[in-house]
Amino acid sequence: MYSLLYMPKLNPTLKITNTIALLRAERKITQQDLAQGIGVTRATIIAIEKGSYNPSLELAFRLARFFGQDIQSIFSVEPL
Amino acid sequence: MSTFLRVFHFYLLLGLPFVLGFCVFDTFFGTQVPPALGLLALLIEVGVWHTLLWFSALFGFLLALLISGSYRDKTLTKFTAMRERDERELQVTGQAVRMAFLSTLALLLVLMFTSVFSVVVYELPLAEQSTGGTHELSMSLNLSLLEGASAKTEPQFSNAVGLTQLPLSNLGLLLLVLAWHVLSFRFFLRRQINPEAG
């Protein structure tokens, strides 16, 4: 029964980190405010900050525009 | 969702207990009540018409699910509690749908095999037990696509023990697959949202 509920694990080759939590803290913005500002749910902001979800290019641009920075200064890539 | 649809769904949900209650009443007491009983006869008359109306509404609801894509989308996403408010939820839903589809497909393959497969162990007649064996195993496949199309050619053995095809009715099978599909989707959705859970 349990094997019928098997979930495959994804094996990413790159680790994408971001400075959203830091930027938010600097500007004293809550997760809810940021979520409303870029049109996503608070759960998505939490997932992005934790690194469990990588946003699409469009959402990354929206985040960058919200903080008035380049994408490269918010997101960085390092090999696993 | 428009007000009409909300009222329509509310009526279908609210009317269900009345229809079930009326069906139970009909099973035990019947609806052929003499008109002399007054109020009871009137209530039964209303119950009959209401049941007719409710089943017509249900038929309309099911037909609309089949022919209208937007209605199906609005109704069934609500029924399965799909959340697609942003791109992450869309991705999570997509992954949950993929895994629910695969697990349901596996279940359907197992059900299809068990629906055609029969295995019977039976005791040999005394005259045929000379070779030492007392029992024989019989396996067969019933590959008919239409209900009742296959000729029942299996011999009737004495002391036979076994499984002859799936011991479920058509409704039981459909309910099983339906429940499995929806519940597995919900399970995978929860696991995707919170991988530590479940």
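Residues numbered from 1 in each chain as written. Chains lettered and ligands numbered in written order. Predicted model: local features only at pLDDT ≥ 70, side-chain atom pairs only at ≥ 80, totals over all residues. Heavy atoms only, no water.

This paragraph deals with the overall build of chain A. Looking only at helices and strands, chain A features five helices and two strands. Moving toward the C terminus, one meets the helices and strands of chain A in the order β-α-α-α-α-α-β. Its C-alpha atoms give chain A a radius of gyration of 15 Å, clearly above 12 Å, the size a compact globule of 80 residues would have. Taken over the C-alpha atoms alone, chain A extends approximately 50 × 30 × 20 Å along its principal axes. The buried share among the 80 residues of chain A stands at 32%. At a minimum sequence separation of 6, the contacts of chain A that also span at least 24 residues come to 59%. One way to put it: in chain A the 9 positive side-chain charges average out to a point 6 Å from where the 6 negative ones average out. (Helix = DSSP H or I, 4+ residues; strand = E, 2+ residues; numbered from the N terminus. Rg over C-alpha atoms; globule rule 2.2 N^0.38 Å. Buried < 20%, exposed > 50% of the residue type's maximum accessible area, 1.4 Å probe, protein only. Contact = heavy atoms within 4.5 Å. Lys, Arg positive; Asp, Glu negative; His and termini not counted. Charge placed at Lys NZ, Arg CZ, Asp CG, Glu CD.)

Between chain B and chain A, the contact holds 19 residues from the first and 18 residues from the second. Carbon and sulfur atoms supply 63% of the area buried between chain B and chain A, which totals about 1,400 Å² over both sides. Summed over the three residues of chain B that lose the most area to chain A, namely Glu87(B), Arg88(B) and Trp180(B), the buried surface amounts to 40% of that side. The tally of links from chain B across to chain A stands at five residue pairs in polar contact (both at pLDDT 80 or more). Elements supplying a minimum of two residues to the side of chain B that touches chain A: helix H4 (87-116) and helix H5 (170-193) of chain B. Per-element accounting of the side of chain B that touches chain A gives the leading share, ten residues, to H4(B). Taken together, the residues that form the side of chain B that touches chain A break down as six nonpolar, six polar and seven charged. (Buried area = accessible area lost by both parts, 1.4 Å probe. Polar contact = N/O pair within 3.5 Å; in protein donor to acceptor, adjacent residues only side chain to side chain. Nonpolar A, V, L, I, M, F, W, Y, C, P; charged D, E, K, R; others polar.)

The backbone of Lys28(A) sits at a positive phi, close to 55°, despite the residue not being glycine. Tracing the chain through its elements places Lys28(A) in the loop between helix H1 (20-27) and helix H2 (31-38). Backbone geometry at Ala81(B) places phi at a positive 55°, although glycine is not the residue there. Residue placement: Ala81(B) occurs in the loop between helix H3 (69-79) and H4. Assessed through its relative accessible area of 36%, Ala81(B) is described here as partly exposed.

Summed over the entire model, instances satisfying the criterion amount to six aromatic pairs over all chains. Judged by centre distance (5.2 Å) and plane angle (90°), the rings of Trp54(B) and Phe55(B) are edge-to-face. (Phe/Tyr/Trp six-rings, centres within 6.5 Å; stacked < 30°, edge-to-face > 60°.)

This brings us to the pattern of salt bridges. All names here are of chain A. By the definition in use, this model includes four salt bridges over all chains. As a salt-bridge pair, Arg24 and Glu49 come within 2.6 Å of each other at their nearest N and O atoms. Here Glu49 lies in helix H3 (residues 42-50) and Arg24 lies in helix H1, a separation of 25 residues in the sequence. What makes Glu49 partly exposed here is its relative accessible area of 22%. The partner of Glu58 in a salt bridge is Arg62, and the shortest N-O contact between them spans 3.4 Å. Taken together, the residues Glu58 and Arg62, both in helix H4 (residues 57-67) and four residues apart, mark about one turn of the helix. (Salt bridge = Lys/Arg side-chain N within 4 Å of Asp/Glu carboxyl O.)

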